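# Analysis of the macromolecular model
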Amino acid sequence: MAGRFVGVFRQISTVNRSLARVSGDHGLKNFFSTTARMDFGKYLTYTVKDGIAVAKFDEKDAKVNTLNRGTMAEFQEVYKEITNNPNVKGMVVISGKADCFIAGADINMISDCKNVQEATALSRNGQDMFNNLENMKIPVVAAINGSCLGGGLETALACHYRIAVNSKKTSMGVPEVMLGLLPGAGGTQRLLKLLPFQTAMPMMLTGKAYNAKSGKKIGLVDHVVEPIGVGIKSANENTMEELEREAILTAKGLADGTIKKPVRSKKGLNKYIDMFASSRLGNIFWEKGVKDAVMKQTKGKYPAPLRIIEVAKTGAQQGPRAGYEAEAKAFGELAMTPESKALVGLFNGQTALKKNKFGKPEREVKTLGMLGAGLMGAGIAQVSIDKGIDVILKDVTTQGLSRGEDQIIKGLDTKVQRKKITSFEKDQVLTHLEPTINYEHFSKCDIIVEAVFEDLKLKHKVVREVEQKIPEHCIFASNTSALPITSIAEASIRPDKFIGMHYFSPVDKMQLLEIITTDKTSQDTAASAVSVGLKQGKVVIVVKDGPGFYTTRILAPTLSEAVRALQEGVSPSKLDSLTRGFGWPVGVATLADEVGIDVAAHVAEDLGKAFGERFGGGNINVLRDMVTAGFLGRKSGKGVYLYQSKSKKRPENTEAKAILDRYKLDPKPGNTDEDVQYRLASRFINEAVMCLQEGILANPMEGDIGAVFGLGFPPFLGGPFRYIDLHGAKQLVDRMKKYHDWYGVAFEPCQLLLDHAKDPSKKFHTR
Amino acid sequence: MAFLSNFPKAALQIQLKSAGARCFASTTTQSSKSKKTLAKPNVRNVVLVEGVRTPFLMSGTDYKDLMPHNLATKTLSGLLKRTGVDKDVIDYVVYGTVIQEVKTSNIAREAMLSAGFKDTTPAHTVTQACISSNQAITTAIGLIAAGQCEAVVAGGVEFMSDVPIRHSRKMRKIMLDSSKAKTTGKKLQLLWKAMSPAVWTPELPAVAEFSTSETMGHSADRLCTAFGITRLAQDEFAMRSHKFAADAIQAGLLTDVLPYKVPKVAEYITKDNGVRPSSLEQMSKLKPAFIKPFGTITAANASFLTDGASACLLMSEEKALSLGLKPKAYLRDFVYVSQDPKDQLLLGPAYATPKVLDKAGLSLADIDVFEYHEAFAGQILANLTALESDEFAKKFLGKSAK
């Protein structure tokens, strides 16, 4: 490969500079003709090749590059170096890591800020650094391969030309909004300048990321480089060398005028929209176009998108100076909001859970036996074959099996339509599926997941039947939402291989997997189950067995309280709007219909038995009567609401209302809408804390992740534990005291919650 | 023959007495050592009696109004005339082709019938991308070695001047349904469906791999980058190939070429028209053909899309000798290999060369002449680079060194 460089760049002068040691050794420049590079810097290296300076981000001992104080300091040095070197005619900004350009700003750096001023200063630093880059007299080319997110994309945006590798790993976007922040290093200003209003705003408001090809289409990328395969060197090395070569040639071409920077005049309708949006008359675009949509989606619970709109608008209407000022100020303020802290906490939790805390399992799971091809079973099969796990999908009837296979094909076809995979790759994925109605090949299985009907006797029968067919090492996992795993495992001859894997429907969309271990479950069994979940792309929490485990257990009292509210005369749509107003993504009445009234009744009954009066609230007979009347929820067309196959409208079910009227309760005097919201939330949160107190949960982080990703607890509150850390336990306990007076034991705060209320310095999370 | 299309497989035949240089071949001469006997116990010797071909023309030139079987017919009849072998002697005919003319999908049969072969002689057609005609030859070797046949004609034909362009799937459906539509209402319904412009968009035959959707030229360019093959090296190699071909034509060495008479074209076609020696300076002016603007493969260092056909006569050694024919070569061994269709699509020779040598119990030093037929100069160089590399041998060939 060295030959290529000899051929293309006859004279390569390499300047190696230690960037970590910022001393005045300017006299030590090496102008030797060599292709060898010595990597001095801790965060980036700098060489000059044929008159083009190549600044290479490559943080030592880290998998990804992030923008942190060290990177920024070294980058300043490189900048000085280049501006002082008259021989440099152009510059390339590239990464030394094949699948990461810059993954974003170092989140800990932001979390460490103690006040608004510190965070604002951080933003200003970034702005200054990128303004310097943008204002360089020589052409600057960003060469992107892999993740180029947040601060990474802001770096690339400050460059004059962007080339990107057409690989699945290349992803360009500004996901700050998902952390309750905004792109604080000029991103809000540059994106809007570069891209049409209609593209830039959704990008900032949703965090949508683009790959190289779609990036080229929208104008984010100027040139696409095809990835190179393996040669004598690895595919990654070859691709990075080619990217660098093309970036250098581009920089040279831009410097000598043989390559022209494409003039990106915004065309057609976009031109006028942008013109209006940046004039005083264009408020309609900001208000109606984006703000209304944001308010509709977020109910105003998330400050970040609103500030993004405000900052972008300031820049568009009052010019860059005001825009940058507003951006830094808003960034600083957002960084200190509880919403941002909650979202950052979730992000950190998600990252931490990518690691299997049980270590590597003794043997890799290659074949999964899936019992039941219903909605759940087919969903689990789909996410497994998608990741290369062979799945034997078994159902009792060919009709059921065929329906399940259709569900899988439809799911994969959607991915083809969205260009996530090619139709050829879809065929390859489907090859991993073996649909069957008998146990013929079950001797190959490494894990069994059963998703048969929720009936203990049936499950026992299945366990006994299947354990005859599977090899000794094979794990048996039960996908149940409420039956205790210990009870199901009673039928097993290998209780150490028995575990619970509680998936959430629809499996291909819901990120959470709750794994349940019993006292007898072995470490290796847990390790295997977690590794399967991680392979399926799930966020995996591991909890101890108990009635309702964690997620079902904290949902049950909430649903019970919802029934009580309905009995008190709150209409289903009112209840939905109250819960959505609190921040739940799905209203609780709708949720009951989605889960299924029969399932809810089942759970309420089982958990009611286990936990007694504390789980009371609504009258259980309400659910029972509804089940008897056939109001099972969405699946039966009637539940709390009525579902018509063609219409999107869901009128309230008057017959269900009649049942509720039979059990009518008088609301307590002084009960406000807010009280309804907090009655639901406080029981949810209290039960979560109790799960930690009882050791069902291993730690608060998993509790937060489970509540948010499995049940939709408002993300901006960060989960029940983060909520208490940020908003205090005392206010919640005070509210519960009031409700306790009204309703009794259901609102008794648990000891751990009381401890936190008593001592506000106590926190569930250390950061 | 240099075809368009793809190389999921590559084969290499060792011919100890090579039939001489052909167009666009790479030849590497090694010092000659003592010859080994490669005859295998209990396997019949298979010999090449004769081979002929039409001139190879760039598609869209003088052959453009013909049909592909016309070219194949010419080589079949020409082969018999040249060897003087009676058509009764031929037991079987097999042809290779890449893009099929749908009217003559078993083109071997159609061509041999028009060439006046016996209608009781069976024939079939094979396809395996660029290696199709070699597949025809090795099929023939197998038939003879297995004792099924004594004399087989194997050949290849490709006709890029006219490729099957189809109506869209939607339109095809409308057309097929129209034969079933009996009522006026149904017919009008179909007519209404045909009003959409999407229905009228034709489907061009994919010049891309089905599995990766990548064209061969694009893949070749990436391969050159992967092995660090420069534009200059490619241009130099292509220039060398063109020069060799031109010299061979000049010296009258291409005795396999049959003159072809195209109706209404005054002159006989006697020469390949794509051999165009040029200068490095001229070649360096061309822009890359596939990966723009920094790619290295251009029209000048790649082969052209071709129209042409060939045929050769293979026999068991006894049969050839009994008919008083002098074998031109003994066909001893062959292998086919396959690799990753994305990144190693065009890397067949690097895998096949050591494999076939090992199989035959030979080393590089035993071979006087290697002949590779590939579409891109850079591809040959990439393969040679891989063969030169210990790293590559260790990583991909399971060998300790090259």
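Bear in mind that the values here come from a model prediction, so they are computed numbers and not experimental data.

The secondary structure content of chain B amounts to 13 helices and 11 strands. For 402 residues, the compact-globule estimate of 2.2 N^0.38 gives 21 Å, and the C-alpha radius of gyration of chain B, at 23 Å, lies within 12% of that figure. Based on the C-alpha atoms only, the size of chain B along its principal axes is roughly 80 × 55 × 45 Å. By residue count, 50% of the 402 residues in chain B fall in the buried class. Once local pairs closer than 6 in sequence are excluded, the contacts in chain B between residues at least 24 apart make up 81%. Split by element, the accessible area of chain B, about 19,200 Å² in all, is 56% carbon and sulfur.

Attention now goes to the overall build of chain A. Along the backbone of chain A there are 31 helices and 17 strands. Whereas a compact globule of 767 residues would reach a radius of gyration of roughly 27 Å, chain A reaches 29 Å, a difference of no more than 12%. Expressed along its principal axes, the backbone C-alpha trace of chain A runs to roughly 85 × 65 × 55 Å. Residue burial in chain A is summarised as follows: out of 767 residues, 56% are buried.

Before going further, it helps to examine the packing of helix α6 (residues 187-194) of chain A against helix α13 (residues 320-335) of chain A. For any two helices packed against each other, the geometry is given by the interaxial angle and the distance between the axes. All names here are of chain A. Relative to each other, α6 and α13 sit at 135 degrees, their axes nearing to 8 Å. It follows from the interaxial angle that α6 and α13 lie oblique. Residue-level contacts link G187, T188, Q189 and R190 of α6 to G323, Y324 and E327 of α13.

Take the sheet that holds strand β9 (residues 223-225) of chain A next. Residue and element names in this part refer to chain A. If you trace the 6 strands from one edge of the open sheet to the other, you get β1-β2-β3-β5-β7-β9, paired in mixed fashion. This sheet does not close on itself; its edge strands, each paired only once, are β1 (44-49) and β9. Across the sheet, the mean angle separating the axes of adjacent strands is 20 degrees when strand polarity is ignored. Pairing of strand β7 (residues 161-165) with β9, which is carried by 3 bridges, proceeds in the parallel orientation. Its bridge partner lying in β9, A164 is registered against V224. The sheet strands contacting helix α2 (residues 69-83) are β1, β2 (52-57) and β3 (90-95), and the helix crosses β1 at an angle near 20 degrees.

Residues and elements named next belong to chain A. Here the UniProt feature "site: Important for long-chain enoyl-CoA hydratase activity" (unreviewed entry) sits at E154 and E176. Look at the named residues: they lie 23 residues apart in sequence, but the longest C-alpha span between them is just 11.3 Å, so in the fold they bunch up. Within the fold, E154 resides in helix α5 (residues 151-158). Judged by relative accessible area, E154 falls into the buried class, the value being 3%. Those residues within four positions of E154 in sequence are excluded, and the remaining contacts are F130, E176, P183, G184, A185, G186 and G187.

Residues and elements named next belong to chain B. Of all 11 residues making up helix α7 (residues 216-226), 11 are buried, and the element is well covered by its neighbours. Burial in α7 covers these residues: M216, G217, H218, S219, A220, D221, R222, L223, C224, T225 and A226. One or two residues past the end of α7 sits G228, with phi positive at roughly 65 degrees.

On to unusual backbone geometry. With an omega of -5 degrees, the peptide bond between S505 of chain A and P506 of chain A qualifies as cis. Assignment of secondary structure puts P506 of chain A in the loop between β15 (498-503) and β16 (512-517). The backbone of F549 of chain A shows a phi angle near 50 degrees, a positive value even though the residue is not glycine. If you trace the backbone, F549 of chain A turns up in the loop between β17 (539-544) and α21 (551-567). With a relative accessible area of 0%, F549 of chain A lands in the buried category. Positive phi values are uncommon outside glycine, yet N42 of chain B reaches one of about 65 degrees. Among the secondary structure elements, N42 of chain B is positioned in the loop between β2 (25-29) and β3 (46-53).

Calculation criteria
Residues numbered from 1 in each chain as written. Chains lettered and ligands numbered in written order. Predicted model: local features only at pLDDT ≥ 70, side-chain atom pairs only at ≥ 80, totals over all residues. Heavy atoms only, no water. Helix = DSSP H or I, 4+ residues; strand = E, 2+ residues; numbered from the N terminus. Rg over C-alpha atoms; globule rule 2.2 N^0.38 Å. Buried < 20%, exposed > 50% of the residue type's maximum accessible area, 1.4 Å probe, protein only. Contact = heavy atoms within 4.5 Å. Areas by Shrake-Rupley, 256 points an atom, 1.4 Å probe, with all protein chains shown as cover. Axes fitted to C-alpha atoms, helices over the stretch in contact; angles between N-to-C directions. Parallel < 35°, antiparallel > 145°, perpendicular 65-115°, else oblique. Pairing = 2+ DSSP bridges. UniProt positions renumbered as here; feature names shortened; annotations may be inferred.

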